[in-house]
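Each chain, written out:
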Amino acid sequence: MKGLIRMASMVLGSCIIFGCSTSGDAPSTVTPPDGNGGTDPTVKDSTTAIYRQFFFRGTHNSYSGNLDGMKREGIATQLERGLRFFEFDLYSYHTPKYLETNWLEEGKIASVFDYQGNTHLLSYSASRGVMNIYKVLDGKAVQSYSNDEEPLDAGEREFSLLTLGTDLYILSYGSTTGDLIIYAFDGEGMDIIFSDKLSAEKGSLSTFVYKDTAYVSVITNDGSVLEIRKLTFGEDSVAVGSVIYEDGSVENGELIFVFEQDNALYIFRHNAQSANQFVVDVVDTSENIWSKTNSVLGMSEKLMGEVQAAYTDGKLYVNSYGTNGDMIGFRLIIDKGMPNLVYEYNNEGNMLTEAHASTYPAENGYYLFLQKGQEVQLSHIDMGKLTLGHDAPGDEVDFSVDNPSSIFLEDWISYIVDWSNAHPYHDPLFIMTELKDYEQWMVDAKWQNIIRLMQNSFGDRLRYHSSDGFSNETIVDNNKIVDGKTPYFMDSNGSKEGGLLGKVILYIQPNIKITKSADTNNFEPFATKDGKLQENFLQLKRYRENNKLVSPDWRHAENYGNDIGAHIDDKDDSYISRIFHMESPEGDGQYDNIRCTDVMFAVSDRPYQGLYVDYAKKQEVKNQLATVSGCD
């Protein structure tokens, strides 16, 4: 008997995390002990509790509502009708489209930039020398500036934008004449602060900032020599210094992009003739004349088509555009001296096909501008935003039911916070976030955005599922990591404030390969045990009901191999589609011999009807705080 009680105590703790569903705020149980010896102390906390089974209702893809014939309803209905398990598939990017139209204005778009909270387009007419600047407002381009009364000399020109603090400068470079004009832009007008011949004919120009100092890089002599010069800005003028770096090995058509990382200077180089290869030059800037100290070859099979780069807030984004409209975005990161193109983005919407692609810096990412004749498309590639979706951002999010009208996780969590505030002693809510496209979460450790969102939203009520990943996170309070021995209804003093009632438990489920990628030279930006971000919360591979083995997805048992066994016959679509379990520290993760003394989260796509409801009612009887007998 003592052995049975000891085993029982372990399991009650396991059931903690999964949050039994009840119809009200307080658990449907026998009155818990008050800490004064008024009731049997064996039910006081999970370390001494009776060995029992707890059953919790839930649904996976909690955002999908009733799409595809499912009957999940919305998040409001799920909470009010007793569901306590919620799963959100997440992406770390999305693509707002700012402009999609036929460009009928004079001139071609030469640049895209942000200024004073607005997106701007700069167009230039080579035949007339006319520059126009437009604000993009509500999907339309509204003209805000033109030099039509004092045009430049006709001819081909390139434009580059330079931001220093709050000041914005526009550089106009005559690609066939070598002359440079620098304007100070104030949002309404432009003042010329520099005008002179900079280099030989037939070149191209770009700018960059290194250690808070501005530089201009020019490729001259028919595109074979790279020159870098320092720009010194005065109150109403600018001085262009002499050449401090020169490289005569530039290949025809090669993309050259200078960038800073960790206070070091690098040059990213890509030649369209070698699509899968790129080179990163290391530049020594310790002397007055800079020099190249090393060149490192990198590769990525995902590089394709037209490759562009944009530098934003210390991050270099590389964009790869195929003429079929496929697009992939990368972060270029130097890790242990090796250049890594880390896969961060793939377009979830329709991109203009067979277009010319250009990229420009933008807040939290970069702009992609596509132009095909008069057709233009301007998109903002937004990195790091926590976005719901099944197969892509926004995919299968149902707005026809009582869900938030948003694809952003923060809006859904805000709703759950309000519900939790209104039901302070609810069963624990278990929120599972599944990271899609694992490699895109690697740079910047974006799963930390999930943790911070939950911390800011739930405050002291937030708990973390026991796992290696949370234990390694410096932003996680280890005292709030819960496992199978955590008190459920109350703490050891009989206080509800110390138990898990009213609490929210977070679990982050990554792809098992999150720390490994052949495409990024095994780039590992964080240290986790056995190369895994988190583990221990496992979808059961085998579940025993009345001595029958049931597939986690009973409708497709054949997908799980011979070890699953036969699925239960004559079940309808309301039956269990997934079964989850919280692994205790002593568990082996498989649970081949599940008996009535266990905690399970049985998930249904139709949780309010049919066999699932009948099954749940039978199982929830075992949630009562009473001795369970006959488990063996």
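Sequence order as written defines the numbering, with residues in each chain counted from 1. Totals for whole chains, interfaces and linings use all residues, but because this is a predicted model, local features are given only for residues with pLDDT of at least 70 and pairs of side-chain atoms are given and counted only at 80 or more. In computing side-chain values, all of the structure's heavy atoms are included and hydrogens and water are not.

Peer 1: Kindly report on the overall build of the protein, identifying the contributing residues and their values.
Peer 2: Helix and strand assignments come from DSSP, with helices taken as H or I runs of at least 4 residues and strands as E runs of at least 2, each series counted from the N terminus. Assigned secondary structure in the protein consists of six helices and 35 strands. Exposure classes here rest on a 1.4 Å probe applied to the protein chains alone. A residue is buried below 20% of its type maximum, exposed above 50%, and partly exposed in between. Going through the 632 residues of the protein one by one, you find that 55% of them count as buried. In this description, contact between two residues means that some pair of their heavy atoms is separated by no more than 4.5 Å. Taking contacts inside the protein between residues at least 6 apart in sequence as the whole, the part at least 24 apart equals 59%.

Peer 1: Help me get a handle on helix α4 (residues 447-458), residues and values and all.
Peer 2: Working rule for helices: expected span equals 1.5 Å times residues minus one. Compared with the 16 Å implied by 1.5 Å per residue over twelve residues, the 17 Å span of α4 between its first and last C-alpha is a close match. Residues of α4 that are buried include every one of W447, Q448, I450, I451, L453, M454 and F458, and no others. Two residues or fewer after α4 comes G459, characterised by a positive phi angle close to 60°.

Peer 1: Can you lay out the packing of helix α3 (residues 409-422) against α4 for me, pointing to particular residues and giving the numbers?
Peer 2: What counts as an axis is a line fitted to C-alpha atoms, over the stretch in contact for a helix, and the angles between N-to-C directions run from 0 to 180 degrees. Between α3 and α4, the least distance of the axes is 10 Å, while the angle of their chain directions is 30°. By the criterion of interaxial angle, the relationship of α3 to α4 is roughly parallel. With respect to the hand of their crossing, α3 and α4 are arranged in right-handed fashion. On the side of α3, the interface is formed by L409, E410, I413, I416 and V417, while α4 contributes L453, M454, S457 and F458. Charged means Asp, Glu, Lys or Arg here, nonpolar means Ala, Val, Leu, Ile, Met, Phe, Trp, Tyr, Cys or Pro, and polar covers whatever is left, Gly included. Each residue belonging to the contact of α3 with α4 can be placed in one class, and the counts come to seven nonpolar, one polar and one charged. Any angle that is under 35 degrees is reported as roughly parallel, and any over 145 degrees as roughly antiparallel; angles of 65 to 115 degrees are reported as roughly perpendicular and all others as oblique. For a crossing to be left-handed, the near helix must be turned anticlockwise from the far one by less than a right angle; the clockwise case is right-handed.

Peer 1: Which residues make up a negative patch on the surface, and what are the values?
Peer 2: Residues enter a patch when their relative accessible area is above 30% and they make no salt bridge; the linking distance is 9 Å between like charges and 5 Å between nonpolar side chains (Val, Leu, Ile, Met, Phe, Trp, Tyr). To measure how exposed things are, a 1.4 Å probe is used in the Shrake-Rupley method; for residues, cover is taken only from the protein chains shown. Within this document, salt bridges are pairs made up of a side-chain nitrogen of Lys or Arg and a carboxyl oxygen of Asp or Glu, the two lying within 4 Å of each other. Only four residue types enter the charge count, namely Lys and Arg as positive and Asp and Glu as negative; His and the chain termini do not. By convention, the point assigned to a charge is CZ for Arg, NZ for Lys, CD for Glu and CG for Asp. On the surface, D186, E188, D191, E235 and D236 cluster together into a patch of negative charge. Relative to the helices and strands, D236 is located in the loop between β14 (225-233) and β15 (238-247). For D236, a relative accessible area of 61% corresponds to the exposed category.

Peer 1: Requested: an account of the pattern of salt bridges, with residues and values cited.
Peer 2: Considering all chains together, one arrives at 18 salt bridges under this definition. Across the pair R269 and E254 runs a salt bridge whose closest N-O atoms are separated by 3.1 Å. Of this pair, R269 sits in strand β17 (residues 264-270) while E254 is found in the loop between β15 and β16 (255-261), placing the two residues 15 residues apart along the sequence. You'll find R269 and E254 in the same group, each marked buried.

Peer 1: Give a description of the side chain of S217 that names residues and reports values.
Peer 2: The residue S217 is located in strand β13 (residues 213-220) in this model. Counted as a polar contact is a pair of N or O atoms within 3.5 Å, where, for protein atoms, one must be capable of donating a hydrogen and the other of accepting one, and residues adjacent in sequence contribute only when both atoms are in side chains. Looking at S217, its side chain comes within polar contact range of the side chain of S206, at 2.7 Å. Each residue touching S217, except ones within four places of it in the same chain, is listed here: S204, L205, S206, F208, L226, E227 and I228.

Peer 1: So what about the confidence of the model for the protein? Which residues, and what values?
Peer 2: In low-pLDDT regions, the fine details of the predicted coordinates are not to be read closely. The predictor rates its confidence in each residue with pLDDT, a number between 0 and 100. Counting all residues, the mean pLDDT for the protein is 79, and 71% of those residues have values of 70 or more. The secondary-structure element of the protein with the lowest mean pLDDT is helix α1 (residues 2-16), recorded at 35, while α3 shows the highest, at 98.

Peer 1: Account for the packing of aromatic side chains, naming residues and giving values.
Peer 2: The pairing test for Phe, Tyr and Trp rings, Trp by its six-membered ring, is centres within 6.5 Å, and the orientation test on the planes gives stacked under 30 degrees, edge-to-face over 60, and tilted for anything in between. Here the structure, examined in full by the defined rule, presents 17 aromatic pairs. Taken together, the ring pairs in this structure connect F208, Y210, Y215 and W290 into an aromatic cluster. Either the NZ atom of lysine or the CZ atom of arginine qualifies as a charge over a ring when it sits within 6 Å of the ring centre and within 35 degrees of the ring normal. Between R331 and the ring centre of Y317, over which it is positioned, the NZ or CZ distance is 6.0 Å. Its end group placed over the ring of F408, K385 keeps NZ or CZ at 4.6 Å from the ring centre.

Peer 1: Would you mind going over the side chain of R269 in detail, with residue names and values included?
Peer 2: On the accessibility criterion, R269 (7% relative accessible area) is buried. A distance of 3.0 Å separates polar atoms of two side chains, one belonging to R269 and the other to D247. Every residue in contact with R269, bar those within four places of it in the chain, is listed here: D247, S249, V250, E254, L255, I256, F278, V279, D281 and K292.

Peer 1: Which residues make up the sheet that holds strand β8 (residues 157-164), and what are the values?
Peer 2: The rule for pairing is simple: two strands pair if DSSP sees at least two bridges between them. Ordered in space as β8-β9-β10-β11, the four strands form an open sheet in which the pairing is antiparallel. Both edges of this open sheet fall to β8 and β11 (190-197), since each of them pairs with a single strand only. The mean inter-strand angle of the sheet, taken between neighbouring strand axes irrespective of direction, is 20°. Pairing of strand β10 (residues 179-185) with β11, which is carried by seven bridges, proceeds in the antiparallel orientation. In the strand pairing of β11, F185 is matched with M190.

Peer 1: Quick one: what's the story with α3, residue by residue and with numbers?
Peer 2: Note on helix geometry: an α-helix contains 3.6 residues per turn, so any two residues three or four positions apart are oriented the same way. The end-to-end C-alpha separation of α3 is 20 Å, in line with the 20 Å expected for 14 residues at 1.5 Å each. Restricting attention to buried positions, one finds in α3 the residues L409, W412, I413, I416, V417, W419 and S420. Along the axis of α3, the buried positions cluster into a sector of 165°, meaning they face one direction only. Considering only its buried residues, α3 is in contact with α2 (75-80), β2 (85-94), β26 (375-388), β27 (429-435) and α4. By arc we mean the arc of the directions from the helix axis to the C-beta atoms, nothing more.

Peer 1: Explain the sheet that holds strand β19 (residues 291-299) to me, and be specific about the residues and the numbers.
Peer 2: Taken in spatial order, the four strands of this open sheet run β16-β17-β18-β19, and their pairing is antiparallel. Each having just a single partner strand, β16 and β19 make up the two edges of the open sheet. Strand-to-strand twist of the sheet, defined as the mean angle between neighbouring strand axes without regard to direction, takes the value 25°. With eight bridges connecting them, strand β18 (residues 277-284) and β19 associate as antiparallel partners. Each bridged residue has a counterpart across the sheet, and for Q277 the counterpart in β19 is M299.

Peer 1: Just give me the short version of the environment of E260, but keep the residues and values in it.
Peer 2: Assignment of secondary structure puts E260 in strand β16. Classification of E260 as buried rests on a relative accessible area of 13%. When the C-alpha positions of E260 and K315 are compared, they lie 8.3 Å apart, and in sequence the two are 55 residues distant. Ignoring sequence-local partners within four residues, the contact set of E260 consists of V209, Y210, K211, Y311 and G314. There is a polar contact of 3.2 Å between the side chain of E260 and the backbone nitrogen of K211.

Peer 1: Could you give an account of the environment of E354, with specific residues and numbers?
Peer 2: Along the polypeptide, E354 turns up in the loop between β23 (338-346) and β24 (356-362). Judged by relative accessible area, E354 falls into the exposed class, the value being 56%. With 18 residues separating them along the chain, E354 and K372 place their C-alpha atoms 6.8 Å apart. Not counting residues up to four positions away in its chain, the partners in contact with E354 are Y321, T323 and K372.

Peer 1: So what about the environment of G502? Which residues, and what values?
Peer 2: Structurally, the position occupied by G502 is in the loop between β29 (481-482) and β30 (504-509). In this structure the C-alpha to C-alpha distance between G502 and L429, which are 73 residues apart in sequence, comes to 7.8 Å. If we skip the residues at most four places from it in the chain, G502 touches S420, P424, Y425, H426 and R461.

Peer 1: Would you mind going over unusual backbone geometry in detail, with residue names and values included?
Peer 2: Excluding glycine, most residues fall at negative phi; most peptide bonds, likewise, are trans. The phi torsion at D262 lies on the positive side, around 50°, for a residue other than glycine. With respect to the helices, strands and loops of the structure, D262 is situated in the loop between β16 and β17.

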